[in-house]
Structures are given as structure tokens and as C-alpha cells.
Amino acid sequence: MGIPWDDVVVIQQGKDPGDPCIVTVNCPDKAGLGCDLCQIILEFGLRITRADISTDGRWCYIVYWVVPHPASLKVDWESLKIRLLSACPSCLFSYYFKNSTCPSPPPVYLLKVWCVDQKGLLHDINEILCNLQLIIQRVKAMPTPDGRVLDMFFITDGMELLHTKKRQDYVCEYLKEALGERCISSELQLAGPEYGHLQGFSSLPPAFAEELFSSELLDKVSLHPLSQDMRTLKTPTVIVDNSLSQAHTLLQIQCVDQKGLCYDIMRISKDSDIKVAFGRFSSSVKGFRNIDLFVQQKDGKKIIDPESQKTLCSSLKEEMLHPLRVIIVNRGPDTELLVANPVELSGKGRPRVFYDVTSALKALGVFIFSAEVVRHSTQERQWEVYRFLLEESREFPLTRSQARSQIVDKVRRTLMGW
């Protein structure tokens, strides 16, 4: 038996401007469902201000309170509902979604955009792609001496319609109209072997790799330590309690509020094979969140082993303190901004990182000479790495440590939603 598909995902608009919208998901349960839903919500530029989770192992009931971030963001709520439905296990509506029973990686397409290069161009294109529900998997931006740039975006389509000529033509026409005279031409096609050539990341010096991917980040030895106010706020605590439930372990978490917090915690749970049976992400109070999670291991038992508890608590604290890694380094005579985030074991990257970084650089007036997104593997996990070559300017002389720290701090705060 199932329930009508209209009742599986219900979106209730706030009564007054600025009030959160309430997103309710009521469907059969599956491993990692909470993470998948949070990933989609974050992809639409929404911030989860509160959440309640309840599941008995067969059926799941989740309520999210969400707000656009920034507040001026226009959200396609109907498309969000369709995307959330596509992540739910099969119900009566399963025939609407071919990936609901047999998940397969979506096809990757290559979008080539020739433009007149300007400050903020990459962010403007990224914003357009987000509005079209196109998800950037890789980026390669290559400027030319005559003031033009070839931006190559390897993308997937949240609507899964790029295989149709109608959708392809619409994307190119929409892009050209939105960019105006800056756009010289655009071309969209199924990605070929060149996509596979961008999978590696071998040119990062060992010292910088250690800085980005260290499993134990210590601010006192960091190239770009947290500013004092960020360091004061970011003091996460995780308490493990096995006394309140016969079947579940209670995780009590207190941490600073930040964009993507719900996604980060659910991603760790998914990748650690930890099942969240009941959970409450309370509203932010003076910049802090209290989170209660009743969890079980994959075998349905509580987390009793001290080492398992320690590993889980360490992972949660690390992701709450450093969900993304940001540094500026010298790349020969050039200055490079590096931003790294862990990739889910399923292969999915964190949504809207490229959007947020380019937004921060555009706000500062920092010109991006070239950019690319690649994957890098360490012994512990796979990472998504965003590389930006920055251009020197009077406003931001990149040889000065103060200017570099200002860029890193702005990027960090934008990524955190502060």
C-alpha cells in the first residue's frame, strides 16, 4: 500500500514575508534518506532553521523549516517538491520517477560558454545555472589574451531533461538572454572523454595537501587560522548517552549555527552507517543550535564500543568546525585560492560551494583569472577541490598577508552563511 503522491511531500508557505516554509516528507524509509533530502534542500539555496525526524525503520516522517538564503533568492517550490519526491523510495507515484527504484548516475553534459571576461562573470553564470536546476560537477575556465574566456561547465540536470533538444535549446537561449552582450556563444552536448581527464588532482604540493586534508586541523599551525570571533563561537560539543533508551544511543550536540549544518550531520551519519531513528534540530538561539539524535548502528544496536563512540564524535566535531577548508597559496608567480570539502561515499559533492565562493569574491571585487573543480583522494576519503587563480589589484594586493586573510575570512563566512 502507498499514499497519494501529493501527500508524500507537502510544502506550506509561511503566513508572513520572512516566515519559514514548512516542508513535510512522509514516505517509506531508506538508508541515507535524511541526507539525500538535506542535499536537495541545500542545492535550492535554502537554509534549514529547524527539523524533526521520526522513523520506525519502515516509514519515515520528516519536517523541515526552511528559509531562502539570501532572503532575496527566488525559489521554484514546485521544482523543489518534484526533486524531493524523486529522492523518496517507491510509493504509488514510483512510475513518475525512473530513478526511484533503480538509481543510476545521471548523465554528464558539457556546457561551453564563450564570453567577454569581466569581474563576477563566473558567479553570474553559476547563478543562472542554479536557477535552471543545473548542477555543476566540474568547471574549467580558460581566459584568452584578447579579453575573452572559455568557461567549460560539466553539469547534470536536476530535472533530468537535458537529453531532449527542447531543454538544451532552452538552456542556451536562457543563458544568452541573461548574460546579454557578455555572451558570445554557448554550446551544450553530452560530455565525452574530456570529463574523465578532469578526475585527477596531482599538482598540489605536499605542504598544501597536508593543510587542506589533515584529519586533525589545529588552528595554531594553520596557514590561515580562524578569526577571533569565529574561533570563539565554534566550540562544538557532542555527548553520548546510552542510559535514556534501551534500543537507541542519544547524541546531544551543541554547536554554532551555520548553513548546511543539518546536511553535514546527516552526511556523516549516512557515511558511517548510523541510522537516525528520532531527531530534533532546534531553532538557533544566539547563534547556537541544540541537536538531539537517537541513533543505532547498521545492525540495529546501540553504539556501546568506546572507540566507535570516539570516532563518531571526532567526525562530527571536525565537520562542525571545518565543514570546508579554505587557504590561499602561491602557485609559481600566481596566487591560488583553494577550497575543499569532503565528498559523500555515494560520490555526491556538497551543493552550491562554487556559487558561494564566486559570490564572496565578486562582493570583494576580486577578479578570478581562471578556475576549475576537481576531485582528490586521500587514504581517508575523497574530496572536491575548487581552485581559483586570482588576479592582483590595487584593492587586494595579493602579496600582502592582510589582503589574503580578508579573502579567506570572507569566503569562509559566505560558505557558513554568516
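Up top is the structure.
Residues numbered from 1 in each chain as written. Predicted model: local features only at pLDDT ≥ 70, side-chain atom pairs only at ≥ 80, totals over all residues. Heavy atoms only, no water.

> Just to check I follow, could you spell out the layout of surface pockets for this structure?
Here the idea is plain: a probe the size of a water molecule rolls over the atoms and shows the empty space left. For the second largest pocket, the calculated volume is near 530 Å³. Around the second largest pocket sit 27 residues that line it, and Ile 268, Asp 271, Ser 272, Ser 315 and Arg 381 are the ones nearest its centre. For the lining of the second largest pocket, the elements supplying multiple residues, two or more each, are helix H8 (261-271), helix H9 (306-321) and strand E16 (382-391). With seven residues, H9 is the largest single contributor of residues to the lining of the second largest pocket. The residue inventory of the lining of the second largest pocket, partitioned by class, reads nine nonpolar, 10 polar and eight charged. Domain assignment of the residues forming the lining of the second largest pocket places at least three in each of domain 3 (206-217 + 322-417) and domain 4 (225-321). (1 Å grid on protein atoms, 1.4 Å probe; cavity = no way out; pocket = protein on both sides within 12 Å on 5 of 7 lines; lining within 4 Å. Points joined across faces, edges and corners; volume = space filled by probe spheres on them. Helix = DSSP H or I, 4+ residues; strand = E, 2+ residues; numbered from the N terminus. Nonpolar A, V, L, I, M, F, W, Y, C, P; charged D, E, K, R; others polar. Domains from an automatic or database assignment.)

> Explanation requested: the pairing of strand E11 (residues 275-281) in the structure shown.
Here is the key point about a regular strand: its side chains alternate between the two faces of the sheet. Here strand E3 (residues 46-55) pairs with E11 via four bridges, running antiparallel. Residue Ser 54 lies in a different strand from E11, and its bridge partner there is Phe 278. Where E11 folds back onto strand E12 (residues 288-296) in an antiparallel hairpin, the turn is made up of six residues, including Lys 286, whose phi is positive at roughly 55°. (Pairing = 2+ DSSP bridges.)

> What's the story with the sheet that holds strand E13 (residues 325-331) in this structure? I'm lost.
Backbone-to-backbone hydrogen bonds join strands into a sheet, with any given pair of strands oriented parallel or antiparallel. The eight strands lie next to each other as E8-E5-E7-E6-E15-E16-E14-E13, forming an open sheet whose pairing is antiparallel. Looking at the sheet topology across the chains shown, the edges are occupied by strand E8 (183-190) and E13. Here the strands of the sheet are splayed against their neighbours by 25° on average, with no regard to which way each runs. Note that strand E6 (residues 134-143) and strand E7 (residues 148-157) share nine bridges and pair antiparallel. The residue of E7 that forms the bridge with Leu 134 is Asp 157. Sheet strands in contact with helix H6 (residues 206-213) are E13, strand E14 (334-342), strand E15 (367-377) and E16, and its direction is about 170° off that of E13. (Axes fitted to C-alpha atoms, helices over the stretch in contact; angles between N-to-C directions. Contact = heavy atoms within 4.5 Å.)

> What should I look at first to understand the pairing of E15 in this one?
Among the 11 residues in E15, nine count as buried, and that is most of the element. Inspection of the sheet shows E6 paired to E15 by two bridges, in the antiparallel sense. Each bridged residue has a counterpart across the sheet, and for Ala 141 the counterpart in E15 is Ala 371. Across 10 bridges, E15 lies against E16 in antiparallel orientation. For Val 374, the partnering residue across the bridge sits in E16 and is Val 385. Taking the residues that link successive antiparallel strands as the turn, the E15-E16 hairpin has four residues. (Buried < 20%, exposed > 50% of the residue type's maximum accessible area, 1.4 Å probe, protein only.)

> Help me understand the nonpolar core in this model?
One recurring pattern in soluble globular proteins is that nonpolar side chains are buried together. Counting 51 residues, the largest nonpolar core has Tyr 64, Val 66, Ile 253, Phe 281, Leu 293 and Leu 316 as its most contacted members. For this core, the element with the highest residue contribution is helix H2 (residues 33-43), accounting for seven residues. No fewer than three residues from each of domain 1 (1-94) and domain 4 (225-321) sit in this core. In contact with Val 66, not counting residues within four places along its chain, are Pro 20, Cys 21, Val 23, Ile 41, Leu 46, Arg 47, Ile 48, Thr 49 and Trp 77. (Core = buried A, V, L, I, M, F, W, Y, C linked by side-chain atoms within 4.5 Å.)

> Help me out: how do you make sense of the pattern of salt bridges in this one?
Think of it this way: side chains of opposite charge can pair up when their charged atoms draw near. This model, assessed by the stated rule, comprises 27 salt bridges. Ionic pairing is found between Glu 344 and Lys 270, a salt bridge with its closest N-O pair at 3.2 Å. Placement of Glu 344 in the loop between E14 and helix H10 (353-364) and of Lys 270 in helix H8 is noted, with a sequence separation of 74 residues between them. Lys 270 gets classed as partly exposed once you look at its relative accessible area, which sits at 22%. Residues participating in the shared-partner salt-bridge network are Lys 30, Asp 36, Lys 270, Glu 344 and Lys 348. (Salt bridge = Lys/Arg side-chain N within 4 Å of Asp/Glu carboxyl O.)

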